[in-house]
Amino acid sequence: MRRTLVIGNWKMNGSKEANANLVSAIVAEAGSVTDTDMALCPSFVYLSDIAKAVEGTNVSVGSQDVSVHLEGAYTGEVSASMLLDCSCKYAIVGHSERRQYHGESNLLVAQKALTAYKSGLTAVICLGETLSERESGQVEAIIGEQLQAVQSVMGADAIAKSVIAYEPVWAIGTGLTATPEQAQEVHQFIRSRLSVNAEKVSILYGGSVKSANAAELFAQKDIDGALVGGASLNAKEFIGIAAAG
Ligand code: 13P
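Residues numbered from 1 in each chain as written. Predicted model: local features only at pLDDT ≥ 70, side-chain atom pairs only at ≥ 80, totals over all residues. Heavy atoms only, no water.

So what's going on with the packing of helix α10 (residues 211–218) against helix α11 (residues 235–243)? Which residues, and what values?
For the pair α10 and α11, the least separation of the axes is 8 Å and the interaxial angle reads 15°. Relative to α11, the element α10 lies roughly parallel. For the pair α10 and α11, the crossing hand works out as right-handed. Together, Ser211, Ala214 and Phe218 of α10 and Glu237, Gly240 and Ile241 of α11 make up the contact between the two elements. Residue classes in the contact of α10 with α11 are distributed as 3 nonpolar, 2 polar and 1 charged. (Axes fitted to C-alpha atoms, helices over the stretch in contact; angles between N-to-C directions. Helix = DSSP H or I, 4+ residues; strand = E, 2+ residues; numbered from the N terminus. Parallel < 35°, antiparallel > 145°, perpendicular 65-115°, else oblique. Left-handed = near helix turned anticlockwise from the far one by under 90°. Contact = heavy atoms within 4.5 Å. Nonpolar A, V, L, I, M, F, W, Y, C, P; charged D, E, K, R; others polar.)

In structure tokens:
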């Protein structure tokens, strides 16, 4: 049985003050959520603050990215060991915004996932197609290619210990959510491609998830939770989504 997992990706939002308010409102309600694991992914610079604020609660912390390098002269990069130092449990890799705006390739994403895994972080590996790829009937080809890159670099055992997030690019921040059936179809495809412990791997959906649509998404057989952007910046919404799990 896979436990529902809801991860808030705060992206490049927040401030010391805003984050303190948000996390305290989340923590205040988190105890009432017993069937869902929760994590928050603030900007790197606030990780320690958020880790401290959730200490002793049922909420974990994760990063939005991780360097492929372990240490050294890589200006601006943040290593896996630094993230562990800041009490991170998860590291998101391959978010479509990293792929799109920072030129991250399938290979680099796969290498980052491997670095995270080897360091003891749980990689949250993002996959997703653009609208034009969907409209031209390439969903399985694109998702299959992204997944294959991770599989060949990481190996099936390591993927089985990671989390996968299906985030159709056209549904991110647009208010357009994949229908539960559209999402389920892709989640099922992803699971069918996993060769080790396929039934145990959590596959999250991301793209305009809110408390109003979470339950119908989570009701799908292969949707095990959500990677939430905008709605995770609102404590009531975030808890509402987690409570739907
Ligand atoms: P939204 O929930 O704002 O659509 O963002 C989804 C996302 O990109 C989470 O990583």
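On we go from here.
Summarise α10; cite the residues concerned and give the values.
Among the residues of α10, Asn213, Ala214, Leu217 and Phe218 are the ones counted as buried. Burial along α10 is one-sided: seen end-on, the buried residues are contained in an arc of 135°. Looking at the packing, one finds that the buried side of α10 touches β1 (4–9), α9 (180–192), β7 (202–205), β8 (225–228) and α11. (Buried < 20%, exposed > 50% of the residue type's maximum accessible area, 1.4 Å probe, protein only. Arc of directions from axis to C-beta.)

Explain the nonpolar core to me, using residue names and the numbers behind them.
If you look at the biggest cluster of nonpolar residues, it comprises 66 residues, and the most contacted ones within it are Leu40, Ile164, Ile190 and Tyr205. Apart from residues no more than four positions distant in its own chain, Ile164 is found in contact with Ile125, Leu127, Leu147, Ile159, Ile190, Leu194, Val201, Ser202, Ile203 and Leu204. (Core = buried A, V, L, I, M, F, W, Y, C linked by side-chain atoms within 4.5 Å.)

Explain the site of the ligand residue by residue, including any values.
Neighbouring residues of the ligand: 13 residues in total, closest Lys11, His95, Gly173, Ser208 and Gly230. Side-chain polar atom of His95 to an oxygen atom of the ligand: 2.8 Å apart, as the coordinates give it. Out of a free accessible area of 310 Å², the ligand has 95% covered by protein chains. Among the residues forming the shell around the ligand, the class breakdown is 4 nonpolar, 7 polar and 2 charged. (Near = heavy atom within 4 Å. Polar contact = N/O pair within 3.5 Å; in protein donor to acceptor, adjacent residues only side chain to side chain. Areas by Shrake-Rupley, 256 points an atom, 1.4 Å probe, with all protein chains shown as cover.)

Account for the packing of helix α1 (residues 16–30) against helix α2 (residues 47–54), naming residues and giving values.
Orientation of α1 relative to α2, taken along the N-to-C sense of each, is 25°, at an axis distance of 10 Å. Classified by the angle their axes make, α1 and α2 are roughly parallel. The hand of the α1/α2 crossing is right-handed. Within the contact between the two elements, α1 uses Lys16, Asn19, Val23 and Val27 and α2 uses Asp49, Ile50, Ala53 and Val54. Partitioning the contact of α1 with α2 into residue classes produces 5 nonpolar, 1 polar and 2 charged.

Give me the environment of Asp224: which residues, what numbers.
If you trace the backbone, Asp224 turns up in the loop between α10 and β8. You can call Asp224 buried: its relative accessible area is 5%. Along the sequence, Asp224 and Glu133 sit 91 residues apart, while their C-alpha atoms lie 24 Å from each other. Here the side chain of Asp224 touches Arg191 through a polar contact of 2.8 Å, side chain to side chain. At 2.8 Å, the side chain of Asp224 and the backbone nitrogen of Ile203 are in polar contact.

Talk me through the side chain of His95; I want residue IDs and the actual numbers.
Structurally, His95 can be placed in the loop between β4 (90–93) and α4 (96–101). Excluding residues that lie within four positions of it along the chain, His95 makes contacts with Asn9, Lys11, Cys126, Glu167 and Ile172.

If you had to explain the pairing of β8 to someone new, which residues and values would you point to?
Burial of β8 is two-sided: the residues Gly225 and Leu227 facing one way and the residues Ala226 and Val228 facing the other way are all buried. In the sheet, β1 pairs with β8 via 4 bridges, with the strands oriented parallel. Bridging from a neighbouring strand, Leu5 pairs with Gly225 of β8. (Pairing = 2+ DSSP bridges.)

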